[in-house]
Amino acid sequence: MEEKIQEIKGRIALELADVKTSAELFQLKAKYVLGKAGIIPGLMKELGKAAKEDRPKLGMVINSLKEWATEYFAKKEIEINEAEKNYRYKKETIDITMPAKHLKQGTLHPVSLVKAELIDIFAGMGFRVLETREIEDDFHNFTALNTPKEHPARDKQDTFYINDDFMLRTHTSPGQIRSLTTIKPPFKVLIPGRVYRADDDATHSPMFHQMEGLVIDEKITLCDLQGMLDVLVKKMFSEEAKTRFRPSFFPFTEPSVEVDVSCFECGGKGCKLCKGTGWIEILGGGIVNRKVLENCGVDPDKYTGFAFGLGLDRIAMLKNGVNNIHVLYEGDLRALGQFKG
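Residues numbered from 1 in each chain as written. Predicted model: local features only at pLDDT ≥ 70, side-chain atom pairs only at ≥ 80, totals over all residues. Heavy atoms only, no water.

## Some thoughts on the nonpolar core
Item 1. Formed by 42 residues in total, the largest nonpolar core has its most connected members in Leu-118, Phe-122, Met-228, Leu-232, Ile-282 and Phe-308.
Item 2. Every element with two or more residues in this core is listed here: α5 (110-123), β5 (207-217), α8 (222-236), β7 (253-262), β8 (279-288), β9 (304-311) and α10 (312-320).
Item 3. It is α8 that contributes the most residues to this core, six residues altogether.
Item 4. Contacts of Leu-232, omitting those with residues within four sequence positions, involve Leu-118, Ile-121, Phe-122, Leu-283 and Leu-310.
Item 5. Formed by 20 residues, the second largest nonpolar core is a distinct cluster that contains Ile-183, Ile-191, Val-288 and Ala-307. (Core = buried A, V, L, I, M, F, W, Y, C linked by side-chain atoms within 4.5 Å. Buried < 20%, exposed > 50% of the residue type's maximum accessible area, 1.4 Å probe, protein only. Helix = DSSP H or I, 4+ residues; strand = E, 2+ residues; numbered from the N terminus. Contact = heavy atoms within 4.5 Å.)

Right, dumping it as structure tokens:
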């Protein structure tokens, strides 16, 4: 047995000398030490053949061999790990004296560019920017905005409901209600953010971006809204841009208007972009409905105001000649890389 043990030690030392990797080391360790199939654990099976009085001594000798082999393998493992680590460090070393590779310059998303530009324009007119929640309750999203119970916007085919009372907001107009109930008039607020509707085609997406504006003060009229929008379109599109109001209807404004801007592509002469009309619709707005003010505890006999809402995605598409809203959200860098701030 002792001769056999010396032979095993010699074989381990000889074979370990040729081991270069952790994988080879594990295979050799499994051959000699690990599990019941290992050569050293297999020696224990031979104890049954030895004389009864010799078994304790032989058992101690075999255990001693196992301890020696385990320690021997552990030393080799430390050596191999250190060598592999140094090799990895050397392989991953970066030569900082080498010239840098050409890196493509990124840019902000086109919707983010439009959002930043609009915020800059409205901030110059005294507006403060508010971020409001994307999950709204029925009161803020519909009821307080004077939206009747039978209104189509409340249908589940149009709105993403979480339960009977909570939903993903369908517009940024709930920000009007949160402003009216938390900020003392007079004030000007701008509320940008994501909104959600169950709609999906070339010009609509289930998730898109709006920007709501609200001004509350004494003696506010529709002329104040048009004056502010005239400044907006000149700064946003061109100095020659003009606005046009068309009568419309929104539950939360009265009177309500759709707002067009003179086509900045053809100067109002008529082209493909404006479909030959010379005008492009950009937003909706109007005078805040008395009922909305009353719902929020604001005296409608003392304060009036105007509100407006525009689609950031629509503005981004118009300014960049994009005819499919999905181009903005499919993440195709070939398309997005064409937009520069």
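## Some details on α8
Since the α-helix turns once every 3.6 residues, residues separated by three or four places project in the same direction.
Item 1. Here α8 contains 15 residues, and its C-alpha end-to-end distance of 21 Å stays within 8% of the 21 Å for a straight helix at 1.5 Å per residue.
Item 2. Residues Leu-225, Met-228, Leu-229, Leu-232, Val-233 and Met-236 constitute the buried set of α8. Down the axis of α8, the buried side of the element spans an arc of 135 degrees, and every buried residue falls inside it. In α8, those exposed residues whose orientation departs by more than 90 degrees from the buried face are Cys-223 and Lys-235.
Item 3. The elements touched by buried residues of α8 are α5, β6 (243-250), β7, β8, β9 and α10. (Expected span 1.5 Å × (residues − 1). Arc of directions from axis to C-beta.)

## Concerning the packing of α5 against α10
Item 1. Their axes nearest at 9 Å, the elements α5 and α10 cross at an angle of 105 degrees. The orientation of α5 with respect to α10, classified from their angle, is roughly perpendicular. Residues Pro-110, Val-111, Val-114, Lys-115, Glu-117 and Leu-118 of α5 touch α10, and the partners they reach there are Leu-312, Asp-313, Ile-315, Ala-316, Lys-319 and Asn-320.
Item 2. Residue composition of the contact of α5 with α10, by class: seven nonpolar, one polar and four charged. (Axes fitted to C-alpha atoms, helices over the stretch in contact; angles between N-to-C directions. Parallel < 35°, antiparallel > 145°, perpendicular 65-115°, else oblique. Nonpolar A, V, L, I, M, F, W, Y, C, P; charged D, E, K, R; others polar.)

## Some remarks on the packing of α5 against α8
Item 1. Close contact between α5 and α8 brings their axes to 10 Å; oriented N to C, the two are set at 135 degrees. Here α8 runs oblique to α5, going by the angle between their axes. In this structure, α5 meets α8 at a crossing whose hand is right-handed. Contact residues: Val-114, Glu-117, Leu-118, Ile-121 and Phe-122 in α5; Met-228, Leu-232, Lys-235 and Met-236 in α8.
Item 2. Across the contact of α5 with α8, the residue classes tally to seven nonpolar, no polar and two charged. (Left-handed = near helix turned anticlockwise from the far one by under 90°.)

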